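Secondary and tertiary structure notes
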Amino acid sequence: MTRFFKSYGWPLVVGLLLALLLMESFPHWVGLPRADLTLQQAPIYKSATNGPASYSTAVNQASPAVANLYTTKVVSNPLPPLYSDPAFKKFFGENLPQQKRMESSLGSAVLMSKEGYLLTNNHVTAGADQIIVALKDGRETLARVIGSDPETDLAVLKIDLPDLPAITLGRSDNISIGDVVLAIGNPFGVGQTVTMGIISATGRHQLGLNTYEDFIQTDAAINPGNSGGALVDAQGNLLGINTAIFSRSGGSQGIGFAIPVKLALDVMRSIVEHGQVVRGWLGLEVQALTPELAESLGLLESPGILVAGVYRNGPTAKAGLQPGDVILKIAGESAQDGRTSMNQVARMLPGEKIKLEILRNGEPHTLTATIGMRPPTD
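The rules behind these values
Note that residues are indexed from 1 along each chain, following the sequence as it is written. The model is predicted, so local features are restricted to residues of pLDDT at least 70 and side-chain atom pairs to those at 80 or more, both for listing and for counting; the totals for chains, interfaces and linings are taken over all residues. Side-chain metrics rest on all non-hydrogen atoms present in the structure, leaving aside hydrogens and water. For helices the rule is a DSSP run of H or I covering at least 4 residues; for strands it is a run of E covering at least 2, with both sets numbered from the N terminus onward. For the exposure calls, accessible area comes from a 1.4 Å probe over protein chains only, and a residue counts as buried if that area is under 20% of its type's maximum, exposed if over 50%, partly exposed in between. The contact definition used throughout considers only heavy atoms, calling two residues in contact when any of these lie within 4.5 Å. Per-residue accessibility takes into account occlusion by the displayed protein chains alone, with areas from the Shrake-Rupley method and a 1.4 Å probe. If DSSP finds at least two bridges between two strands, the strands pair. Aromatic rings from Phe, Tyr and Trp, with only the six-membered ring used for Trp, were paired whenever their centres fell within 6.5 Å, and each pair was classed as stacked if the ring planes differed by under 30 degrees, edge-to-face if by over 60, and tilted otherwise. A positively charged side chain is recorded as over a ring if its NZ (Lys) or CZ (Arg) lies within 6 Å of the ring centre. The angle to the ring normal must also be within 35 degrees. With axes taken as lines fitted to C-alpha atoms, and helix axes fitted only over the stretch in contact, angles between N-to-C directions fall between 0 and 180 degrees. Here the expected span of a helix is defined as 1.5 Å times the quantity of residues minus one. Values of pLDDT, ranging from 0 to 100, describe the predictor's confidence in every residue of the model.

Across its full length, the protein carries 8 helices and 21 strands. Per-residue burial over the protein gives 39% buried out of 378 residues. When contacts within the protein are restricted to residue pairs at least 6 apart in sequence, those whose partners lie at least 24 apart make up 61%. Accessible surface for the protein amounts to roughly 22,300 Å². Of this, 54% is attributable to carbon and sulfur atoms.

Shown next as structure tokens:
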């Protein structure tokens with residue numbers, strides 16, 4: 001028996017193990033039921049759009065025309081409380097020396113033409129004694145301010161260098177929510193940086209940032225130092241000038257705002273040609289005509305905008321407009337809301353005559369007003 005196991009034991013053990021393996025792998029060979037095995041196979045996803053895997057072409061086209069700005073200004077340090085003490089002034093006099101220091105800030109700008117005109121934000125350059133423009137190719141130069149427009153928070157700069165790049169202009173009135181955009185600027189002074197997002201909304205206004213607001217909202221990261229930089233489309237064409245963010249922390253929280261290139265171009269052309277932005281002005285204050293106000297005025301509906309005030313000797317005062325009048329149409333266009341109507345007037349040229357269709361005490365009237373030039377703001 002011992003000899004039998006010595007001779008045939010190992011072959012038998014190997015045979016049994018092989019049989020068990022075959023029964024486990026192919027149970028139906030010996031009449032056992034087949035085991036079901038269901039696998040969750042991931043589907044082959046197709047991209048929702050035909051967007052590129054890389055936006056390097058767009059960045060390479062736009063980034064040379066986006067410059068870093070470094071501004072400096074001299075500010076006076078506040079005097080110590082001791083200096084205001086009457087006894088101290090009695091001995092040392094009123095003309096006490098006041099220490100001054102240099103204050104620096106960072107921003108961005110966009111080269112709009114090969115002649116060296118740049119667009120940036122007014123809040124970046126306001127009060128600056130010196131503005132240094134640093135181009136992506138390594139060149140640096142001083143810039144001079146051609147003009148600024150606090151009401152849109154835009155400023156136009158000029159530099160004098162040869163062979164300047166200029167950004168390609170896009171169409172900000174032809175964009176859609178969901179379009180991919182890139183923000184290019186100099187956040188926190190780390191150097192030129194590109195972030196990506198989408199257009200979150202268009203036509204944002206009543207934010208309390210500027211007098212004239214028509215912002216593009218984006219979730220592309222915009223941080224301090226990005227102000228004045230470029231918002232471009234997926235082909236590298238300029239859509240807007242990055243201006244502001246909504247943030248509780250001071251950093252990007254996915255809500256940034258850019259001034260549309262169409263508005264920015266109008267401001268730049270006016271500054272270059274006239275040294276300031278020339279806007280039409282009627283000299284009145286308006287407010288929305290709510291259903292409650294319409295009812296109080298004896299109107300069955302709210303057909304226009306309510307005149308809240310008229311500037312003395314202004315264009316509409318000379319035309320006979322009065323507080324409490326309801327403006328129905330301006331130059332033939334329906335007055336649906338104050339913002340749209342005042343922007344319509346701002347685009348008109350001073351000296352142009354227009355008709356105002358109004359309701360006064362429920363009676364229709366037509367007045368003729370001559371557009372004036374909007375006074376500059378401080």
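The side chains of a regular strand alternate, first on one face of the sheet and then on the other. A large share of strand S12 (residues 238-245) lies buried, amounting to 7 of its 8 residues. Sheet analysis places strand S11 (residues 230-233) next to S12, joined by 3 bridges and oriented antiparallel. Bridged to Leu231 within S12 is Gly240. The loop that links S11 with its antiparallel partner S12 comprises 4 residues; one of these, Gly236, has a positive phi angle of about 90°. With 5 bridges connecting them, S12 and strand S13 (residues 256-260) associate as antiparallel partners.

Before going further, it helps to examine the packing of aromatic side chains. Taken as a whole and assessed by the stated rule, the structure comprises 2 aromatic pairs. A centroid spacing of 5.8 Å and a plane angle of 50° characterise the contact between Phe215 and Phe257, whose relative ring orientation is tilted. Placement of the pair is Phe215 in strand S10 (residues 215-218) and Phe257 in strand S13, with a sequence separation of 42 residues. Residues Phe215 and Phe257 agree in their burial class; the two are buried. Directly above the ring of Tyr117 sits Lys158, whose terminal nitrogen or CZ lies 5.4 Å from the centroid.

Our next topic: the sheet that holds S13. Read once around its circumference, the closed barrel built from 6 strands follows the order S8-S9-S10-S13-S12-S11, with strand pairing classed as antiparallel. Here the strands of the sheet are splayed against their neighbours by 45° on average, with no regard to which way each runs. Where strand S9 (residues 193-204) meets S10, 3 bridges bridge the pair, whose relative direction is antiparallel. What sits directly across from Ile199, in S10, is Thr218.

Once that is clear, we can look at helix H5 (residues 261-274). Here H5 is 14 residues long and its end C-alpha atoms lie 19 Å apart, about the 20 Å a rise of 1.5 Å per residue gives. Looking at the buried side of H5, the elements it contacts are strand S3 (117-120), strand S6 (144-149), strand S7 (154-158), S12 and S13. Just downstream of H5, Gly275 is the residue with a positive phi angle, here 80°.

Notably, Asn313 is not glycine yet its phi reads approximately 65°, a positive angle. For Asn313, a relative accessible area of 59% puts it in the exposed group. For Asn361, which is not glycine, the phi torsion reads 55° and is therefore positive. With respect to the secondary-structure elements, Asn361 resides in the loop between strand S19 (353-360) and strand S20 (363-370). Accessibility expressed as a relative area gives 76% for Asn361, which makes it exposed.

Here the protein averages 81 in pLDDT, and 76% of its residues register 70 or above. Predicted confidence in the protein is weakest over helix H3 (residues 86-92), with a mean pLDDT of 56, and strongest over S3, with 96. Between residues 33-48, whose pLDDT stays under 50, and residues either more than four places distant or in other chains, the model counts 3 contacts.

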